[in-house]
Structures are given as C-alpha cells and as structure tokens.
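Here is how the chains run, residue by residue.
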Amino acid sequence: RACTPARGTSPAPLRASREPVSFVALGDWGLDLDHGHDDGPRDDWDLGGVRKVAAFLGRTARSIGALFVLNVGDNFYQYGVQSAADPRWRTTFQELFGQETALTWYSMLGNHDYKGNLDYSAEPPRRRDPPGVGVEAEMNHTFLPSNRNWCLPAHNYTLRVAAPSFDVLVVVFDSQAVVRLDPDADSGAYDGPTVPAPEDQLRWLEDTLCDARRAARESASSASSASRPLWLVTAAHHPVVSAGTYFWKGVEQFRVMRERVGPVLDRCGVHLHLHGHDHVSEAFDLMRADGSATLQVGVGATAKTNGKINAASQADVDATYGAGKYVLRAAEARLAISTVSISAEEIQVVLRSPPSLAPAAPRLFEGTVPWRP
C-alpha cells in the first residue's frame, strides 16, 4: 500500500522499537540496465560497480537493521520517466536496487528527474503537453497498486520517526525548484502546475524546520515528562557547498543554496544535511557563529564515475568561500552509500564503499554530530 493516502501529504510517522535508529542513503543512481533506452552516454557509468553497490546496499541495510532508504534524487538518467508505469521502473529501479531490499525508499527529485518534463527532440527543448510525465510520473508511481516500496508523495514532505527516547524529523525538500532562481536554470522544466515557486519553497523550508525546532525547545523548557529530544535532518538533491565538480562550476550556479538555504539550516538548528548531485562522496561542517555546525554529507556517487575533486584541501575551500565558513571533512570520487545511525546522544554517519571496490579502505568517512537542543 502507499506510504501516504494522498498526493501532497506526508508519509505516516514511523515507530522504531529500538535505538539507535538507522537508515541508508544514496543518490544519483538512476542508470538503466537496458541499453535500448535513450538514457544518455554510458562512458561515465560503471555498470559492474553499480551492481556491486546495489547488492552492498541490501547487505548493509540488513546488517545495521535499517528502518528505510533515503534517496536524494537523480532517479532516472538522463531524461526522467514518461509515465507512472514507464518500463524504467522495472529496468532501473526494481531489477537493480529495489530487489535488494524490501525497505521503503523515501525519495526526492533531482535535476535529471525534471528533464522528463521536456521534449528534447525539439530545439530548444519544450514542455511536454501530456500530463503525468516527468516529476508528476515519479510522484504518481507512489500510488500505483503495483508499487511495493517507492515513496515520493510531493515535492516537499516530512518523515517523523519516533524512537523510544527521542524523535527524528527528516525534512525532504525539492532543491531543484529553488535552484531555478539561477538565470541559467532550464525554466521550461518547471512549468508544471505543482512545481513550487522558489520563494514559496524557501518559506516552506524555514517554516517547517524552525517551527519544529521551536516546538521542541518549548516542550523541553516546560519540564514536562513528555519532552523528547528532536533531531533535525534535511535531505535534498543539492549541496550547500561541494568539493566536487560544482565546487567551481557551482560557485555562481548554486549560489542560492549557499545564500538562501544554508542560512535556513543555520537559523533552524539542523543537525545533518544529506545531498547528492556532485557524483562524489564528501563531508563538510557548515559552521555557525557559536562554533557548532550542520554536518553535510554527499552521497551522490552511487552510479556515476565522472566525479572530480576540485577542492583537494581546506585551503582550496577557504580561498573560494572565505575562511571559517565550511570545514572540509572528506572528499573522494568513489562509488559509495551512507549509513546513518541516530541515538539520544549523537548521529553517526559513515560513507561506505563495497569492499570489492575498495578493499583497502571501504570506509572513506566516519563522523558524528553530538546532541544539541
């Protein structure tokens, strides 16, 4: 059955019977095993490697007792899907990743998913006329009777997890609808009736995060026995900052993520931000004035092998963005997934490659976020 009863509504809360609460995260995975589909060039895809990542995802999820999969977008390269029953649900999702675990995939949209909204046979590309294509198709698939584990009910939604002694709120937001503020954005892809306006999107994000933080602090200050710690996790396709290809390319292209989204994560006290897009596995501390930080972890290196590290050192980061803003924790152009384990005291995040692909160092990053109210 669907993870939520209707389009535009958030999934039902999850109840965890034990702690820590664990899940796996990945992104930029949506290649197609069927070479007959027009899904773009394959010279930067490691088909053998991504099969190993898919199998590793299943094994890892079982070994840590994962509650769900968090999918940060670019679900169907290169041009999205054309219906809720497109054959690529089978060839791209179920026959590769979906069959490795029965867990629900809480999903979001990336830039390649939006490309399904456009007809690339035209010059310039134009919006497709039939309804239910592209991003609409990905959301509609959630409600098909044949769907087993795909959950994408809206451009933005929240997932609340209740553990025995604390709560986790995962706030999923469509960052591609924010990036369209950039003048180079492919605006024709955003003409659908349900795509949020960028300013509305930013307002929703801040209201959702800061209202949740405010309610948790008020509950804690009331000395009520019902007061419970709240962990805030955000997930979107785009990073606030990156060490990869878009470290340079995105200095302007994704300026809106740094100037508009980053401050929201700061003001609302987000503990962890998970993203994809840059085809590298990376981690940053997004620093606050009081010395605390949001840990940002990039998991957009599940299928694409064209990732490139452009910020090889902290000096590179400081030279572009200014000292003290972002602390580079790790960055490698390597296929990987992330595991996240949350207790009442900390969040532990590990970026992991399949041992068959990285026998010498399957863990490329391991970091923690201590609890702070």
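See the structure above.
Residues numbered from 1 in each chain as written. Predicted model: local features only at pLDDT ≥ 70, side-chain atom pairs only at ≥ 80, totals over all residues. Heavy atoms only, no water.

Asker: Can you lay out helix α2 (residues 88–97) for me, pointing to particular residues and giving the numbers?
Answerer: Of all ten residues making up α2, eight are buried, and the element is well covered by its neighbours. Every buried residue of α2 is accounted for by R88, W89, T91, T92, F93, Q94, L96 and F97. As for α2, its buried residues are in contact with β2 (21–26), α1 (47–64), β4 (105–107), α4 (135–140) and β7 (150–151). (Buried < 20%, exposed > 50% of the residue type's maximum accessible area, 1.4 Å probe, protein only. Helix = DSSP H or I, 4+ residues; strand = E, 2+ residues; numbered from the N terminus. Contact = heavy atoms within 4.5 Å.)

Asker: Explain the nonpolar core residue by residue, including any values.
Answerer: Grouped together as the largest cluster of nonpolar side chains are 75 residues, with contacts concentrated most on L70, F97, L272, L274, V297 and I342. At six residues, the largest contribution of residues to this core is made by α1. If we skip the residues at most four places from it in the chain, I342 touches P20, V21, F23, F166, V168, W231, V233 and I347. The next biggest cluster of nonpolar side chains, apart from the first, holds 34 residues, and it includes V179, V261, C268 and L328. (Core = buried A, V, L, I, M, F, W, Y, C linked by side-chain atoms within 4.5 Å.)

Asker: Let's hear about the sheet that holds strand β11 (residues 272–275): which residues, and what values?
Answerer: Taken together, eight strands build an open sheet; the order of strands is β1-β8-β9-β10-β11-β13-β12-β14 and the sheet is mixed. Two strands close off the open sheet at either side, each with one partner strand: β1 (14–15) and β14 (326–332). Strand direction decides the pairing type here: strand β12 (residues 281–287) and β14, joined by six bridges, are antiparallel. Within β14, the position partnered with L286 by the bridge is Y326. Running at roughly 170° to strand β10 (residues 230–235), helix α6 (residues 198–221) makes contact with β8 (157–162), β9 (167–172) and β10 of the sheet. Helix α9 (residues 314–321) rests against β12 and β14 of the sheet, and its axis sits at about 130° to β14. (Pairing = 2+ DSSP bridges. Axes fitted to C-alpha atoms, helices over the stretch in contact; angles between N-to-C directions.)

Asker: Quick rundown of the state of the cysteines? Include the residues and the values.
Answerer: Overall, the coordinates contain two disulfides when judged by the stated rule. Bridging C3 to C151, the disulfide has an S-S length of 1.9 Å. Disulfide C3-C151: torsion about the S-S bond near 80°, hence right-handed. Residue C3 is located in the segment before β1, and its partner C151 is located in strand β7; the two are separated by 148 residues in the primary sequence. Judged on exposure class, the residue C3 and its partner C151 are both buried. The residue that forms a disulfide with C210 is C268, at a sulfur-sulfur distance of 1.9 Å. (Disulfide = S-S within 2.5 Å.)

Asker: How would you sum up the sheet that holds strand β17 (residues 363–370)? Please name residues and give values.
Answerer: Here we have seven strands laid out as an open sheet, ordered β7-β4-β3-β2-β15-β16-β17, and mixed in their pairing. The two strands at the open ends of the sheet, each matched to only one other strand, are β7 and β17. Of the pairings in the sheet, the one linking strand β3 (residues 69–71) to β4 comprises three bridges and is parallel in character. Counted as the bridge partner of N71 is S107 from β4.

Asker: A description of the packing of α6 against helix α8 (residues 255–267) should follow, citing residues and the corresponding values.
Answerer: Packing of α6 against α8 leaves a shortest axis separation of 9 Å and a crossing angle of 15°. As far as their axial angle goes, α8 and α6 are roughly parallel. The two elements α6 and α8 cross, and the hand of that crossing is right-handed. Contacts between α6 and α8 involve E199, L202, L205, E206, L209 and C210 from the first element and R260, V261, V264, L265 and R267 from the second. Within the contact of α6 with α8, the residues separate by chemical class into seven nonpolar, no polar and four charged. (Parallel < 35°, antiparallel > 145°, perpendicular 65-115°, else oblique. Left-handed = near helix turned anticlockwise from the far one by under 90°. Nonpolar A, V, L, I, M, F, W, Y, C, P; charged D, E, K, R; others polar.)

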